[in-house]
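# What the coordinates show
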Amino acid sequence: MSDQQHEHLAKTGFETRAIHAGYDPDPTTGAVIPPIYATSTYKQDGVGGLRGGYEYSRSANPTRTALEGNLAALEEGERGFAFASGLAAEDTLVRSTTAPGDHVVIPDDAYGGTFRLFDKVEKVWGVDHTPVALSDVDAVRAAIRPGQTKLVWVETPTNPMLTIADIEALAAVAHDAGARLVVDNTFASPYLQQPLTLGADAVVHSTTKYCGGHSDVVGGAVVVRDLDLAERVAFHQNAMGAVAGPFDAWLTLRGLRTLALRMERHSDNAEKVVEFLTSHEAVTHVYYPGLESHPGHDVASRQMRRYGGMVSFRVAGGEQQALAVCEGTSVFTLGESLGGVESLIEHPGRMTHASVAGTDLEVPADLVRLSVGIETADDLVADLERALG
Ligand SMILES: Cc1ncc(COP(=O)(O)O)c(C=O)c1O
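Values in this document were obtained by computation on a predicted structure and should not be read as measured data.

## Concerning the overall build of the chain
Summing up its helical and strand segments, the chain has 14 helices and 12 strands in all. For the chain, whose C-alpha radius of gyration is 21 Å, the value lies close to the compact-globule estimate of 21 Å for 389 residues. A principal-axis box enclosing the C-alpha atoms of the chain has dimensions of 70 × 50 × 35 Å. When the 389 residues of the chain are sorted by exposure, 55% land in the buried category.

This is the structure:
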């Protein structure tokens with residue numbers, strides 16, 4: 001594609017970029033879909049003469065390059081990086097932006113594995129953290145240690161309590177203190193929210209979730225705008241080596257092409273499920289940023305296109321009923337993870353968030369989390385009705 005064509009593509013709509021960005025049909029065959037380059041190394045045009053920049057597949061692989069270009073276009077960033085998992089992406093970003101002795105502000109509600117990474121890995125390496133309620137901008141400002149805090153780490157909506165953080169406000173607070181703002185955009189996906197356009201310095205994804213969208217691949221991503229930061233991440237991606245393999249990159253790219261359609265349907269179905277749950281007598285609280293009663297509703301309406309497919313709720317019968325509901329559905333599958341076309345149900349306290357028990361991030365025992373899929377909405381509602389008895 002010529003530079004002019006690239007420039008034109010950058011100005012097109014989300015769906016167009018999702019389908020076309022990152023890859024030009026193969027010059028030899030015209031293949032419309034990027035081949036899975038199952039190669040570890042590349043024939044060089046003489047010593048030091050790399051063909052198109054490829055020398056070894058940890059450093060770069062054409063299938064991964066296609067995915068990375070696509071992710072950058074969807075997040076409206078300059079460069080994307082694809083990793084073996086979301087946690088690999090997070091660890092690489094943390095080490096690209098901090099050094100032992102530094103400090104990070106983290107959410108007081110977040111994916112349990114992210115907390116475990118900060119608490120059991122980065123802390124041992126010498127990077128300390130403070131959990132804070134990110135919906136409270138003043139509390140974030142107060143938790144920043146001037147000169148020592150290098151990152152403010154945001155999840156919005158959070159996993160599993162669906163709280164909302166104001167990305168624009170937090171970017172200003174972080175930047176005032178000379179820190180960077182990172183947004184884990186896994187729950188929203190780039191279709192619903194583009195944090196770099198709101199002032200964030202980096203976006204991370206577990207592409208395992210909505211980006212991949214079919215529960216058939218584990219992966220992660222980092223997207224940035226600043227080219228110096230991009231160079232640091234590129235260096236660490238290669239030096240640490242937790243890259244996405246070519247088949248995984250290909251599956252994730254295939255998922256991204258339909259992200260817009262899927263997110264619309266996830267949001268439609270979640271709204272119907274929320275409507276049902278809010279009127280059910282056994283349900284004591286529903287967490288969904290699309291609800292007008294949600295404390296983050298106004299901020300979510302400003303920074304998100306719609307509210308997504310994740311819904312959490314609490315039940316009157318305590319932990320026992322929460323466990324019974326999780327084990328009582330048949331269309332919702334009992335399982336960890338989220339963001340696939342199929343609906344999933346889980347008990348965060350005993351499953352995805354077991355690692356935060358006894359910490360500031362502990363989740364309520366009567367909480368159930370749903371990843372609402374794209375099946376027939378009436379079937380999802382009927383399934384929950386049966387399980388709630
Ligand atoms: C919000 C969020 N971020 C990051 C991760 C970690 O991603 P992965 O499981 O791909 O390592 C997860 C996994 O569930 C997640 O939900």
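## Overview of the site of the ligand
The environment of the ligand is made up of 13 residues, and the closest members are Gly86, Asp184, Ser206, Thr208 and Lys209. Between Lys209 and the ligand, the recorded distance is 2.6 Å, taken from a side-chain N or O atom to an oxygen atom. Protein chains shield 91% of the accessible area of the ligand, which is 390 Å² for the free molecule. No other element matches the three residues that helix α4 (residues 86-97) contributes to the shell around the ligand.

## A closer look at the nonpolar core
Leu277, Val311, Phe313, Leu370 and Leu388 are the most contacted members of the largest nonpolar core, which has 64 residues in total. With eight residues, the single largest contributor to this core is helix α11 (residues 259-278). Formed by 25 residues, the second largest nonpolar core is a distinct cluster that contains Ala110, Phe118, Leu229 and Ala230.

## Focus on the sheet that holds strand β9 (residues 310-315)
If you walk across this open sheet you meet the five strands as β8-β9-β12-β11-β10, and the pairing is mixed. The open sheet is flanked by β8 (283-287) and β10 (333-334), the only strands paired with a single partner. Of the pairings in the sheet, the one linking strand β11 (residues 344-346) to strand β12 (residues 367-371) comprises three bridges and is antiparallel in character. Looking across to β12, one finds that Ile345 is bridged to Leu370. Where helix α13 (residues 318-328) meets the sheet, it contacts β9, β10, β11 and β12, and its direction lies at approximately 135° from that of β9.

## Brief notes about helix α7 (residues 167-176)
Helical periodicity: at 3.6 residues per turn, an α-helix aligns residues three or four positions apart in one direction. For α7, the complete set of buried residues consists of Ile167, Leu170, Ala171, Val173 and Ala174. The buried residues of α7 occupy an angular sector of 165° when projected down its axis, which confines them to one face. On the buried face of α7, the contacting elements are α6 (137-143), β4 (149-155), β5 (180-184) and α12 (297-303). Between a side-chain oxygen at the N-terminus of α7 and the backbone nitrogen of Glu168 the separation is 3.3 Å; the capping residue is Asp166. Two residues or fewer past α7, Gly178 is found with a positive phi of approximately 75°.

## Considering helix α10 (residues 246-257)
Under the 1.5 Å per step criterion, the end-to-end length of α10 is 17 Å for 12 residues, consistent within 8% with the ideal 16 Å. Listed as buried for α10 are Ala249, Trp250, Leu251, Thr252, Leu253, Gly255 and Leu256. Summarising the contacts, the buried residues of α10 are in contact with α2 (14-20), α3 (62-74) and α11.

## A look at the packing of α11 against helix α14 (residues 377-387)
Helix-helix packing is characterised by the crossing angle of the two axes and by the distance between the axes. Packing of α11 against α14 leaves a shortest axis separation of 9 Å and a crossing angle of 30°. The two elements α11 and α14 cross, and the hand of that crossing is right-handed. Of the residues in α14, those touching α11 at Asn269, Lys272, Val273 and Phe276 are Ala377, Leu380, Val381, Leu384 and Glu385. Across the contact of α11 with α14, the residue classes tally to six nonpolar, one polar and two charged.

## Remarks on the pattern of salt bridges
Enumeration according to the criterion identifies 17 salt bridges in this entry. With its nearest N and O atoms 3.2 Å apart, the salt bridge here joins Glu68 to Arg64. Taken together, the residues Glu68 and Arg64, both in helix α3 and four residues apart, mark about one turn of the helix. Taken individually, Glu68 and Arg64 each receive the classification buried, so the pair is uniform in this respect. The salt bridge partner of Arg79 is Glu231, with a shortest N-O separation of 3.1 Å. With Arg79 in strand β1 (residues 79-83) and Glu231 in helix α9 (residues 227-240), the pair connects residues that are 152 residues apart, well separated along the chain. Because the salt bridges share partners, they merge into one network encompassing Glu264, Asp268, Glu271 and Arg306.

Definitions and cut-offs
Residues numbered from 1 in each chain as written. Predicted model: local features only at pLDDT ≥ 70, side-chain atom pairs only at ≥ 80, totals over all residues. Heavy atoms only, no water. Helix = DSSP H or I, 4+ residues; strand = E, 2+ residues; numbered from the N terminus. Rg over C-alpha atoms; globule rule 2.2 N^0.38 Å. Buried < 20%, exposed > 50% of the residue type's maximum accessible area, 1.4 Å probe, protein only. Near = heavy atom within 4 Å. Polar contact = N/O pair within 3.5 Å; in protein donor to acceptor, adjacent residues only side chain to side chain. Areas by Shrake-Rupley, 256 points an atom, 1.4 Å probe, with all protein chains shown as cover. Core = buried A, V, L, I, M, F, W, Y, C linked by side-chain atoms within 4.5 Å. Pairing = 2+ DSSP bridges. Contact = heavy atoms within 4.5 Å. Axes fitted to C-alpha atoms, helices over the stretch in contact; angles between N-to-C directions. Arc of directions from axis to C-beta. Expected span 1.5 Å × (residues − 1). Left-handed = near helix turned anticlockwise from the far one by under 90°. Nonpolar A, V, L, I, M, F, W, Y, C, P; charged D, E, K, R; others polar. Salt bridge = Lys/Arg side-chain N within 4 Å of Asp/Glu carboxyl O.

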